[in-house]
Amino acid sequence: MPLTTEQSEAFYDRLAEAIDRAGPQDESLFLAKLALLLAHALGNARTAEAAIEQALAQLGPAPPR
Amino acid sequence: MAAIARGGLRRPDRQYDHGMHEPRTRTDSLYFDYPLFPFRRPPEMELARAAAAGGTAPAEAALPVHPVAIVGGGPSGLVLALELARFGVRSVVLEADETVAEGSRAACVSRRSMEIFRGVGADGAFLREALPWTHGTSYWRDQPVFRLQMPHSPDERFHPMANLQQNMIEEVLVERIAHCPLIELRWQSRVVGMAQRGAARADSDGWVLLTVDTPEGEYPLRARWVVAADGARSGVRQLLALRLSGESFEGRYLIADFRMASPHPTERRAWFDPPTNPGHTVLMHKMARDMWRIDYQLAEDADEAVELSETRVRERIAQHLAWIGEDTPWTLDWTRLYKAHCLCLDDYRHGRVFFIGDAAHLVPIFGVRGMNSSLADANNLGWKLAAVLDGEAGDALLDSYTPERRAATFDVFANARRSTLFMTPPTRGWRLMRDAALQLSLSHDWARNFVNPRQSAPYDYLDSPLTTPDDPHDDWRCGPRAGAPLASVQLSPGRFLTDCLDHVTGFTLIVFGADATRNGRAAWQPLVRDGIALRFVERVSRDAAAGSPDTVADPQGCAQAAYDARDGDCVLVRPDGHVCARLRASPVDRQLERVRAAMRRALAAADSEEQPGCR
């Protein structure tokens, strides 16, 4: 069951605040832990792995034309 | 130095330990007297001298033929020689060095390896000094994050692991061999040449001609079969121009043995990111004779020459011992660098030459699979060579060695690779995920599984062509699957089901409750003529079974319960202790046929015999 718009927005806000609380030193570690926790709670390997690919897509600046 | 030609086999990276014997001079050790084994002139050299005195060279065809020549006297080569002897097959072991391996090296002996040692009658000598253990602790900095608890129960004769330094392991095996007239162990004998003559199939009259270099010069040696057990930088592998393929890992470890009379119990301890090795890993094991082994990872930019200096090694060990609160005095004994690999040959058989142990595959030390998988190679190949030499099986049985053991190698790779990436994360991504898992494991049970060191476990030959798969209709709820080693069950105090394999030299059929079936035992006797040893597991007391060597007394019915077996069910066991078929009861004539078919299959003879000659 996908999150409602309201729930998504609330998670977005919490995550932004949490990344700031972790600080530049620990933000990667924090996000890695979060990903493991969410994947475990999700209980669906295919969806979790698809999310990795979706998050990897279009990272960084747009490629030159 | 003796005239042993050693230069050609060395490589620039020789300071790394890949598990092989490094050519070396004897060192002083704090706890171990390295025996010096003399070179003894072999019959082949006497023949050559006699021929030379007569002005001729000895004819190749006049040389005696050894059924099996084993190149390399490390644990796998020595165990193979003992396995062959157990089946009545002679062998000659050619060891380049003049003594056993130096240092602790492969120091953890798995339960399955202890069972293999028992099969060759050497388990008692091991147990005298080995330190058994069942558990371990992994720390992240100073926090325990994982408690390793290996499966153990009163049904097991042996602990899941026992620590004994490799030099001591080899000494035990050498002593055992000294009492075995079928094995000739030739020291200071390095194979420097090899040629295969005639066809390579078991049913043809081919052989292998080896050139052996010794302190008194070279001599030719003729063998029907050759087994390369000569370690990571196998000379035989180089003579055949074969290459290992796979992957190597960047992380480097320094391994050190030191003596310390600490009362700390025997367990595996691992530290991730301790203050004594920031960002890196440290492992510690207790070994026999008050010796300890520490393995610590070196930083990526560490200078090996500096790290290997005794002052530096002492300083680092002292730092770590102080940090864990160990204040027992200690003395350094031996150090070595180590790098992890997952490399193997594409085929473990090349004509009349077989590869076992590190000569066939290099595996990371994490999870203690190096020597333990090498001993399983010897256990697998021994009975097959014996069956072929005795004419009980054809060439196809020898062809089953590669698929069975290479499948086991890949299983080792899958586990050891995961351990290696966790122990020595090669990139930022692997390191970040490792640290995330460690931190989560402080508070989440499920995350502790990431920290599990995945210790060595026996490999089940489930998909082997020699295995008759379990019939899915048979609905076995427990017990060893077809392909697994026979499972241990304690039947009465100190007596185990696996004892029924002691001294067997062929296939064994375990029949549950035959006396209770309509036909009784007599109906099974025809199988004895097929070379099958019969073992009847009966609910009788030990006293009642005392006079009957083929009765296995199971007074409480423990084995029957552990195997989910009913009266008349059978388990057929290969000579190497692996189950090749388990069969639910059927009318006895049919059961005998099913047992015979399973044995033909396990001897790789099923195809030729089951194709009807005429219709």
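Here is what the cut-offs are and how they apply
Residues numbered from 1 in each chain as written. Chains lettered and ligands numbered in written order. Predicted model: local features only at pLDDT ≥ 70, side-chain atom pairs only at ≥ 80, totals over all residues. Heavy atoms only, no water. pLDDT = per-residue confidence, 0-100. Contact = heavy atoms within 4.5 Å. Buried < 20%, exposed > 50% of the residue type's maximum accessible area, 1.4 Å probe, protein only. Helix = DSSP H or I, 4+ residues; strand = E, 2+ residues; numbered from the N terminus. Pairing = 2+ DSSP bridges. Axes fitted to C-alpha atoms, helices over the stretch in contact; angles between N-to-C directions. Parallel < 35°, antiparallel > 145°, perpendicular 65-115°, else oblique. Left-handed = near helix turned anticlockwise from the far one by under 90°. Nonpolar A, V, L, I, M, F, W, Y, C, P; charged D, E, K, R; others polar.

Student: Mind showing me how you'd approach the confidence of the model for chain B here?
Tutor: Any region with low pLDDT has predicted coordinates that should not be read closely. All names here are of chain B. Summary statistics for chain B give a mean pLDDT of 91 and a share of 94% for residues scoring 70 or more. In the model, residues 1–25 has pLDDT below 50 throughout and makes 71 contacts with residues more than four positions away in sequence or in other chains. Within the model, the stretch residues 608–615 combines pLDDT values under 50 with three contacts to residues more than four positions away or in other chains. Both scores are given for the predicted complex: the pTM is 0.91, the ipTM 0.90.

Student: Explain the pairing of strand β27 (residues 579–583) of chain B here, please?
Tutor: In the case of a regular strand, side chains alternate between the two sheet surfaces. All names here are of chain B. The element β27 is extensively covered by neighbouring structure, given that five of its five residues are classed as buried. As paired strands, strand β26 (residues 570–573) and β27 are joined by four bridges and run antiparallel to one another. Looking across to β27, one finds that Cys570 is bridged to Leu583. Counted along the chain from β26 to the antiparallel partner β27, the turn is five residues long, and its residue Gly577 has a positive phi close to 90 degrees.

Student: How should the packing of helix α2 (residues 75–86) of chain B against helix α5 (residues 166–178) of chain B be read in this particular structure?
Tutor: Between two packed helices, both the angle of their axes relative to each other and the distance between the axes serve to describe the pair. Residue and element names in this part refer to chain B. Between α2 and α5, whose axes approach to 10 Å, the crossing angle comes to 25 degrees. In terms of their interaxial angle, α2 and α5 are classed as roughly parallel. The two elements α2 and α5 meet at a crossing, and its hand is left-handed. Between α2 and α5, the contacting residues are Pro75, Leu78, Val79, Ala81 and Leu82 on the first element and Gln166, Glu170, Leu173, Val174, Arg176 and Ile177 on the second. In the contact of α2 with α5, the residues fall into eight nonpolar, one polar and two charged.

Student: Would you explain the side chain of Thr468 of chain B in this entry?
Tutor: All names here are of chain B. As for its placement among the helices and strands, Thr468 is situated in the loop between α12 (428–441) and β21 (490–492). The buried category is assigned to Thr468, whose relative accessible area is 18%. Thr468 has contacts with Ala482, Cys580, Ala581, Ala598 and Arg601, leaving out every residue within four places of it along the chain.

Student: Any chance you could explain helix α3 (residues 111–119) of chain B here in plain terms?
Tutor: Residues spaced three or four apart along an α-helix point in a common direction, a consequence of the helix completing one turn every 3.6 residues. Residue and element names in this part refer to chain B. In terms of burial, α3 is a largely internal element, seven of the nine residues being buried. Burial in α3 covers these residues: Arg111, Arg112, Ser113, Met114, Glu115, Ile116 and Phe117. Where α3 is buried, its residues meet α2, β4 (108–110), α4 (123–129), α5 and α9 (370–389). Backbone geometry just downstream of α3 places Gly121 in the positive-phi region, at approximately 75 degrees.

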